[in-house]
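Residue-level structure breakdown
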Amino acid sequence: MKIKVRKNLVKVVLYVLCIIFLVLGIVLLLNAWEQQHYSYTPETSDGASGDGTVTQGAQSQTADIEYNGVKYKLNKHIENVLLVGVDKYLASTDTNTYINSEQADFIMLVVIDTDQESYKVLHINRDTMTDVQVLGITGVVAFTNYEQIALAHTYGNGQEDSAENTVDAVSQLLYDVDIDHYITVTMDAVAIINDAVGGVTVTALDTINDDIIEGETVTLMGENALLYVRTRMGLEDSSNLHRMERQEQYLKALME
């Protein structure tokens, strides 16, 4: 009886191992197929093909930036930090797939001059059209697609892969400029940061709800802070550019 049980157990183990190896084999074949059919090879600053990986700031490390026939020398004392606001709550993020439903609704590059001890910000419209890397099911770059920069965060596991894909899209948009750090936050963070400073006072640019009336001064608290910087649909001007005006107004008030 014991021998029979042991034989059955061995059969089960072998069966499970066969399934595992089969799945691994399929994944490896798909990975090879993606690389063969899409063969993504980004170009370096001198026009030479890369090795399939993305090197941040390849151009900025080897040459000055040329724009409209004018060459600009890069400031060597600059440190760039990318801030990304994701249109999801933390509890609803999915890290089990390389295609998620999250988008980078808010994209802002903070440019810090460590020599002058100053900074400037570049607010990037989520609707900006640019080349975005599309990740395959194994997490490697399958191909690039010309689309909204907000979608860069959609490709990846919703965390590091998505964030770094957004970093890459912004870097390439800005002539391969180095991006040294990134910070991503879900929508939960807005109310937390807002309430941590006792609320943020603004003169409302739009009527959002009964608490936020256009032209009236209001101290935003909790969910109202998120509604003010996020709401777009249903307003007279539902463009993202107009929403960016509210976001910039809110950030200035937050810093004060």
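Shown above is the structure to which this text applies.
Every value quoted in this text rests on a predicted model; they were computed, and no experiment measured them.

**Topic: the overall build of the protein**
A tally of helices and strands in the protein yields six helices and 10 strands. Every one of the 256 residues in the protein was classed for burial, and the buried ones make up 36%. Contacts in the protein between residues far apart in sequence, at least 24 positions, make up 54% of those at least 6 positions apart. Put simply, the protein shows about 15500 Å² of open surface, and 57% of that area lies on carbon and sulfur atoms.

**Some points on the side chain of N224**
With respect to the helices and strands, the residue N224 is situated in helix α5 (residues 223-230). Not counting residues within four places of it along the chain, the set of residues in contact with N224 comprises N209, D211 and I212.

**Details of the pairing of strand β5 (residues 118-124)**
Two elements, strand β4 (residues 104-113) and β5, share seven bridges in a ladder whose sense is antiparallel. Directly across from I107, in β5, lies its bridge partner I124.

**Some thoughts on the pattern of salt bridges**
Using the criterion set out here, one finds four salt bridges in the structure. The closest approach of N and O atoms between R243 and D105, which form a salt bridge, is 3.8 Å. Remark: D105 occurs in strand β4 and R243 occurs in helix α6 (residues 240-255); sequence separation between them is 138 residues. One connected set of salt bridges, linked through shared partners, spans D105, R126, D127 and R243.

**Comments concerning the packing of aromatic side chains**
Each pair of aromatic rings is reported with the distance of its centres and the angle of its planes. Under the definition given, this model contains one aromatic pair. The cationic tip of R246 hangs over the ring face of Y228; the distance from NZ or CZ to the ring centre is 5.7 Å.

**Some points on the nonpolar core**
Here is a general trend for soluble globular proteins: nonpolar side chains tend to be buried in one another's company. Counting residues in each nonpolar core, the largest one holds 18 residues, and the members touching the most others are L82, V84, I107, I149, Y155, V170 and I179. Those elements that provide at least two residues to this core are β3 (78-86), β4, β6 (129-135) and α3 (160-173). Beyond its immediate sequence surroundings of up to four residues, V170 is in contact with L82, I107, I124, I149 and I179.

**Quick look at unusual backbone geometry**
Leaving glycine out, the prevailing phi sign among residues is negative, and the prevailing peptide bond configuration is trans. Non-glycine residue Y175 carries a positive phi angle of around 60°. As for its position among the elements, Y175 is in the loop between α3 and β8 (181-185). A positive phi angle, close to 60°, is found at D176, a residue other than glycine. Turning to its location among the elements, D176 is positioned in the loop between α3 and β8.

**Topic: a nonpolar patch on the surface**
Taken together, Y67, V70, Y72 and Y175 make up a surface patch of nonpolar side chains, about 390 Å² in accessible area. Looking at the element boundaries, Y72 is found in strand β2 (residues 70-72).

**Re helix α4 (residues 188-196)**
Listed in full, the buried residues belonging to α4 are A189, V190, A191 and N194. On the buried face of α4, the contacting elements are β8, β9 (200-203), β10 (217-220), α5 and α6. Downstream of α4 by a residue or two, G198 has a phi angle that is positive, lying close to 85°.

**Some points on the sheet that holds β3**
Pairing is mixed across the open sheet formed by four strands, whose spatial order is β5-β4-β3-β8. Looking at the sheet topology across the chains shown, the edges are occupied by β5 and β8. Recorded for the sheet is a direction-independent mean angle of 20° between the axes of neighbouring strands. Packing against the sheet, α3 makes contact with β3, β4, β5 and β8, and its axis sits at approximately 125° to β8. Relative to the sheet, α6 contacts β4 and β5, its axis offset from that of β5 by approximately 155°.

**Remarks on the packing of α5 against α6**
Taken N-terminus to C-terminus, the directions of α5 and α6 make an angle of 135°; their axes are 7 Å apart at the nearest point. Taken together, the axes of α5 and α6 are oblique relative to one another. On α6, the residues that touch A225, Y228, V229 and R230 of α5 are R243, R246, Q247, Q249 and Y250. Among the residues making up the contact of α5 with α6, the classes are represented as four nonpolar, two polar and three charged.

**Here's the deal with a negative patch on the surface**
Side chains of E214, E236, D237, E245 and E248 sit close together on the surface and give a patch of like negative charge. Following the sequence through the fold, E248 ends up in helix α6. Given a relative accessible area of 34%, E248 falls into the partly exposed group.

Procedures and definitions
Residues numbered from 1 in each chain as written. Predicted model: local features only at pLDDT ≥ 70, side-chain atom pairs only at ≥ 80, totals over all residues. Heavy atoms only, no water. Helix = DSSP H or I, 4+ residues; strand = E, 2+ residues; numbered from the N terminus. Buried < 20%, exposed > 50% of the residue type's maximum accessible area, 1.4 Å probe, protein only. Contact = heavy atoms within 4.5 Å. Areas by Shrake-Rupley, 256 points an atom, 1.4 Å probe, with all protein chains shown as cover. Pairing = 2+ DSSP bridges. Salt bridge = Lys/Arg side-chain N within 4 Å of Asp/Glu carboxyl O. Phe/Tyr/Trp six-rings, centres within 6.5 Å; stacked < 30°, edge-to-face > 60°. Lys NZ or Arg CZ within 6 Å of the ring centre and 35° of its normal. Core = buried A, V, L, I, M, F, W, Y, C linked by side-chain atoms within 4.5 Å. Patch = residues over 30% accessible without salt bridge, like charges linked within 9 Å, V, L, I, M, F, W, Y side chains within 5 Å. Axes fitted to C-alpha atoms, helices over the stretch in contact; angles between N-to-C directions. Parallel < 35°, antiparallel > 145°, perpendicular 65-115°, else oblique. Nonpolar A, V, L, I, M, F, W, Y, C, P; charged D, E, K, R; others polar. Lys, Arg positive; Asp, Glu negative; His and termini not counted. Charge placed at Lys NZ, Arg CZ, Asp CG, Glu CD.

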